[in-house]
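# Observations on the model geometry
So the chains spell out like this:
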Amino acid sequence: MEADLYDEFGNYIGPELDSDEDEEVEAEERDAAEADDDDDDDDQAEGDEDGGGMEVVLHEDKKYYPTAEEVYGPEVETIVQEEDTQPLTEPIIKPVKMKQFSLIEQELPATVYDMEFLADLMDSPELIRNVTLCGHLHHGKTCFVDCLIEQTHPEIRSRDDSDLRYTDILFTEQERGVGIKSTPVTMVLPDSRGKSYLFNIMDTPGHVNFSDEVTAGIRISDGIVLFIDAAEGVMLNTERLIKHAVQERLAITICINKVDRLILELKLPPTDAYYKLRHIVDEVNGMLSTYTTDESLVVSPLLGNVCFASSQYSICFTLGSFAKIYSDTYGNTRKFTKKAPTSNSQRSFVEFILEPLYKILSQVVGDVDTSLPRVLDELGIHLTKEELKLNIRPLLRLVCNRFFGEFTGFVDMCVQHIASPHGGARAKIEHSYTGGLDSDLGEAMSECDPDGPLMCHTTKMYSTDDGVQFHAFGRVLSGTLQAGQPVKVLGENYTLEDEEDSQICTVGRLWISVARYQIEVNRVPAGNWVLIEGCDQPIVKTATITEPRGNEEAQIFRPLKFNTASVIKIAVEPVNPSELPKMLDGLRKVNKSYPSLTTKVEESGEHVILGTGELYLDCVMHDLRKMYSEIDIKVADPVVTFCETVVETSSLKCFAETPNKKNKITMIAEPLEKGLAEDIENEVVQITWNRKKLGEFFQTKYDWDLLAARSIWAFGPDTTGPNILVDDTLPSEVDKALLGSVKDSIVQGFQWGTREGPLCDEPIRNVKFKILDAVIAQEPLHRGGGQVIPTARRVVYSAFLMATPRLMEPYYFVEVQAPADCVSAVYTVLARRRGHVTQDAPIPGSPLYTIKAFIPAIDSFGFETDLRTHTQGQAFALSVFHHWQIVPGDPLDKSIVIRPLEPQPAPHLAREFMIKTRRRKGLSEDVSISKFFDDPMLLELAKQDVVLNYPI
């Protein structure tokens, strides 16, 4: 036998297989051969080796198995997997995993109106109302929408023991018991005369962290219904929302919700309940008069823009709808008089509204078996025996529902006081459109013309229930959006001069969104809200969707302006570095999903997420880990964004020369007047105004002299940045024409410098930079941007460092609700975190206190948990960004030694924050001024002994 039948260890491996038929024969031979003795095998092997031509074959050259080509033929592509990369813990064929993050109805539920009727109403803008329901946390917005859903969807009912929460569609919202996303609901609702209106309602979160969601809803609405808890009254977010709605120029109506709490929980007598309700209305009117100069903006039950409700018991009425109950019962035979008939008669509201309400509630709660049937007979309410046996809460809900009927009072209020898309179009466009109204396009939008050129403004992105792709949600302002049509999507950076941020897409399907289900439609005319498939790829936050061709003068709608700032930072990285691309994709998706979230990459390469608060970032991280990237992500300890500022004028004129020594710019820095930075940020004053108007504003409000006010060059960073660049040069000393030729370059250098200051690369705030002198080269070649921009930035830095620089940190405004015996514990917790209380007062008509305080954002991490542990969970806190404040201490004081792992005393904080921020960003430990000063400047400084303090 041949040596090929054995391997190098002498084990028998048999001849090569020729064909399938020979296999059985070979198997028998092999069995027989194995039955032989080992000695025989050895002899045979020795005998073979003696034969001629049998040289030694190295083991790596031996061929044990046929190649794939020999087995399958030359034309077959084969892939060889060298090792099994799949771990044993994973099945070879995985079951298909369905991801689902939200509650979705599979079929369209039954409704009391036809879907065709709803679709037909979309063509009449006068019969549409676009409304945002907003209010403080847990003031009953979602419950109110549930009542509307139950009235229009006969098969959808809440279980007796729990709320339906139909618009909390995310599983995380259901688990946490708090709204996280704005949810649109579209339905047909009748008014008190039975006329149907199409209501587009946006149910928004009440938590202050998610106020960006409210902003997105408000932008596409014509009015708001502000929900206020009757027992708690006007709270932190209520006040902010009033201010925000006034700024956005929306109609404001209010709904005082949970009136049952005054009766069943606080047990107030009817007259006291009246004063409590009146106090809420007065407080709202006080705020409206603070925030607006418009005298006509008043809310009052008499005007019909206040309604009263108790969503839990399905009660909702306005004075008009309650009067209708009376007129239906007694006919229109009675009259009201201005003068009280007797001296001790009660107010009409108490007598005709509150007392009947108290009687109904107390009858149901108190004496179900004996007197209730008699009362129900009087009221004409018929209940079956089974219904009478219900528990108190469901029974109360049923009785109130039968007595008050559908929420027609709410519909009347919205119809009368909130403009239709047709009526409110002009004000909406004036406020949110960047282009003018005098073009054909502007006319079409202000007429809400369904036959005009297509303009659609999207403000939100909703991810599909498996989190794979997004649908854009917006409002059609003119024209008609068709399913399957090509459109041009304009992003937030699009301008007529720079058209880069635009893309042609094809619209997929279109839906009308009703929280947990969607109604598919072929076309959506102007005035309606729509959920759009297929054009999500280029959109990040908001977008403008228009015709692909022919509508060339279309400009964009303004990006959203939020009423809060994202000041909390967390750095994220994947646990497994190879999964970085997955994380980046996830970051892009959460960026789309949350309106005010910012993601960026620091110089050091770390990925940073900026959000409004702890709960907000917790939700973002949940979505990033579970929904969008499905990987393990490490999160650094949270930090905050800082700002850099100055507290004095520069101690000397700072100058810098361009690298070619042909230009020289001289500047000084000084602090801005109090309140000016906020005015610029809130766009009270805009750089785009003409010189005269801008000059007048600064002269009258801030006492600037005419010359300085007229020579403001820029705000920075960006157009609404809280720093000002002023040209303070004199025509007699400086060639203004030459200086004007490099104006753009100097402004760019100023913008760059203010975007990342010299202390720790954080934005500069509240500083005025004055150009005092400028020597500019005659030849354009010597004064290019490459020469001037870095020089302008350098002189901004040196002027800044010479003006006593300081760090600023964000401060939160905190509102704590706690019982009286917990107030001292709240003070203790705040004091330990550098907080200070500004006010504590009892809430009228309830046993709770409200404590208002300020706390530095960097010390606010874990504050809520700390507060709860110290008050046995009785205190409830909400905090929101309020203002910037200077950190105590000098950040450049080299005598301060930062000891690791020790809390620093107050005067050392600025130094500590600066050094730790620089370390985190991978910068050198200390600010070296030689980087920003020219040699001649350093000599000048040395003469004046200024440099002693600074490391060179």
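Preceding this section is the structure that the text describes.
Values in this document were obtained by computation on a predicted structure and should not be read as measured data.

## With respect to the pairing of strand β23 (residues 643-646)
Where a strand is regular, its side chains alternate between the two sheet faces. Neither face of β23 is exposed, since Cys643 and Thr645 on one face and Glu644 and Val646 on the opposite face are all buried. Looking at chain direction, β23 and strand β29 (residues 805-819) are connected through four bridges and run antiparallel. Directly across from Val646, in β29, lies its bridge partner Pro805.

## Concerning empty space enclosed by the protein
Within this structure, the stated rule accounts for three cavities of 30 Å³ or more. Space inside the largest cavity adds up to approximately 50 Å³. In this structure, the largest cavity is lined by Lys569, Ile570, Ala571, Glu602, Glu606, Val608, Ala636, Asp637, Val639 and Arg920. By residue number, the principal contributor to the lining of the largest cavity is strand β18 (residues 568-574), which donates three residues. A per-class count over the lining of the largest cavity returns five nonpolar, no polar and five charged.

## Comments concerning the nonpolar core
Phe144, Phe199, Val225, Phe410, Ile609, Ile746 and Phe769 are the most contacted members of the largest nonpolar core, which has 164 residues in total. Those residues in contact with Ile746 that lie beyond four places of it in its chain are Ile665, Met667, Trp713, Leu725, Leu739, Ile771, Val788 and Ala792. If you look at the next biggest cluster of nonpolar residues, it comprises 59 residues, including Ile218, Val246, Phe349 and Tyr358.

## Thoughts on the packing of aromatic side chains
Enumeration over the complete set of coordinates arrives at 30 aromatic pairs. Between Tyr326 and Tyr330, the ring centres sit 6.3 Å apart and the planes meet at 20°, which makes this aromatic pair stacked. Note that Tyr326 and Tyr330 are positioned in helix α11 (residues 319-330) at a spacing of four residues, about one turn of the helix. Among the residues examined, Tyr326 registers a relative accessible area of 25% and is labelled partly exposed. Between the aromatic rings of Tyr326 and Phe352, the centroid separation amounts to 6.0 Å while the plane-to-plane angle is 90°, which identifies the pairing as edge-to-face. Separated by 26 residues along the polypeptide, Tyr326 in helix α11 and Phe352 in helix α12 (residues 348-366) bring together distant segments of the chain.

## Observations regarding the sheet that holds strand β27 (residues 723-727)
Across the sheet, which stays open at both edges, the five strands sit in the order β24-β25-β28-β27-β26 with mixed pairing between neighbours. One side of each edge strand has no neighbouring strand; the edge strands of this open sheet are β24 (654-657) and β26 (712-716). Taking the axes of each pair of neighbouring strands and ignoring which way they run, one obtains an average angle of 25° across the sheet. With eight bridges joining them, strand β25 (residues 664-671) and strand β28 (residues 767-775) adopt antiparallel strand pairing. Looking at the pairing, Pro671 lines up with Val767 of β28.

## Looking at helix α22 (residues 691-702)
Its 12 residues give α22 an end-to-end C-alpha distance of 16 Å, which sits within 8% of 16 Å, the value for a rise of 1.5 Å per residue. All buried positions along α22 are accounted for by Leu694, Gly695, Phe697, Phe698 and Tyr702. When α22 is viewed along its axis, its buried side chains cluster within an angular range of 160° and face the same direction. The exposed set on the far side of α22, more than 90 degrees from its buried face, consists of Lys692 and Thr700. Buried-residue contacts for α22 involve α21 (676-681), α23 (706-710), β26 and β27. A positive backbone phi angle near 55° is found at Asp703, which sits one or two residues after α22.

## Considering the state of the cysteines
One pass over the structure, following the stated rule, counts zero disulfides. Unpaired in this structure, Cys535 has its nearest cysteine sulfur neighbour in Cys505, at a distance of 5.9 Å.

## Notes on a nonpolar patch on the surface
The grouping of Ile13, Tyr64 and Tyr65 at the surface amounts to a nonpolar patch, some 360 Å² of accessible area in total. The topology assignment puts Ile13 in the segment before α1 (22-35). For Ile13, a relative accessible area of 42% puts it in the partly exposed group.

## Section: helix α19 (residues 580-593)
Think of an α-helix as 3.6 residues a turn; residues three or four steps apart then line up on the same face. Under the 1.5 Å per step criterion, the end-to-end length of α19 is 20 Å for 14 residues, consistent within 8% with the ideal 20 Å. The complete set of buried residues in α19 reads Met583, Gly586, Leu587, Lys589, Val590, Asn591, Lys592 and Ser593.

## Focus: the pattern of salt bridges
Counting across every chain of the model gives 43 salt bridges. Among the salt bridges present, the one from Lys634 reaches Glu573, with a minimum N-O distance of 3.9 Å. Pair noted here: Lys634 is in strand β21 (residues 633-635) and Glu573 is in strand β18, with a separation of 61 residues, a long-range link. Assessed through its relative accessible area of 42%, Glu573 is described here as partly exposed. With a closest N to O distance of 2.9 Å, Glu925 and Arg919 form a salt bridge. On the basis of relative accessible area, Glu925 is assigned to the partly exposed category, the value being 38%. Relative accessible area serves as the criterion here: at 46%, Arg919 is assigned to the partly exposed category. Taken together, the shared-partner salt bridges connect Asp229, Lys258, Arg261 and Glu265 into one network.

## Re the packing of helix α10 (residues 270-291) against α12
Packing of α10 against α12 leaves a shortest axis separation of 10 Å and a crossing angle of 110°. As judged from the angle between their axes, α10 and α12 are roughly perpendicular. α10 and α12 meet at a crossing whose hand is right-handed. In this structure, α10 contributes Pro270, Thr271, Ala273, Tyr274 and Leu277 to the contact, and α12 contributes Phe349, Val350, Leu354, Glu355 and Tyr358.

## With respect to unusual backbone geometry
Between Gly716 and Pro717 the backbone carries a cis peptide bond, its omega angle lying at -10°. With respect to the helices and strands, Pro717 occurs in the loop between β26 and β27.

## What to know about the sheet that holds strand β17 (residues 543-546)
Taken in spatial order, the eight strands line up as β12-β11-β17-β8-β9-β16-β13-β14 in an open sheet, and their pairing is antiparallel. Two strands lie at the open edges of the sheet, namely β12 (502-506) and β14 (517-521), each paired on one side alone. When strand polarity is set aside, the average angle formed by the axes of neighbouring strands in this sheet is 40°. With two bridges connecting them, strand β13 (residues 510-514) and strand β16 (residues 529-532) associate as antiparallel partners. Within the sheet, the bridge partner assigned to Leu510 lies in β16 and is Ile532.

Rules used in this analysis
Residues numbered from 1 in each chain as written. Predicted model: local features only at pLDDT ≥ 70, side-chain atom pairs only at ≥ 80, totals over all residues. Heavy atoms only, no water. Buried < 20%, exposed > 50% of the residue type's maximum accessible area, 1.4 Å probe, protein only. Helix = DSSP H or I, 4+ residues; strand = E, 2+ residues; numbered from the N terminus. Pairing = 2+ DSSP bridges. 1 Å grid on protein atoms, 1.4 Å probe; cavity = no way out; pocket = protein on both sides within 12 Å on 5 of 7 lines; lining within 4 Å. Points joined across faces, edges and corners; volume = space filled by probe spheres on them. Nonpolar A, V, L, I, M, F, W, Y, C, P; charged D, E, K, R; others polar. Core = buried A, V, L, I, M, F, W, Y, C linked by side-chain atoms within 4.5 Å. Contact = heavy atoms within 4.5 Å. Phe/Tyr/Trp six-rings, centres within 6.5 Å; stacked < 30°, edge-to-face > 60°. Axes fitted to C-alpha atoms, helices over the stretch in contact; angles between N-to-C directions. Expected span 1.5 Å × (residues − 1). Arc of directions from axis to C-beta. Disulfide = S-S within 2.5 Å. Patch = residues over 30% accessible without salt bridge, like charges linked within 9 Å, V, L, I, M, F, W, Y side chains within 5 Å. Areas by Shrake-Rupley, 256 points an atom, 1.4 Å probe, with all protein chains shown as cover. Salt bridge = Lys/Arg side-chain N within 4 Å of Asp/Glu carboxyl O. Parallel < 35°, antiparallel > 145°, perpendicular 65-115°, else oblique. Left-handed = near helix turned anticlockwise from the far one by under 90°.

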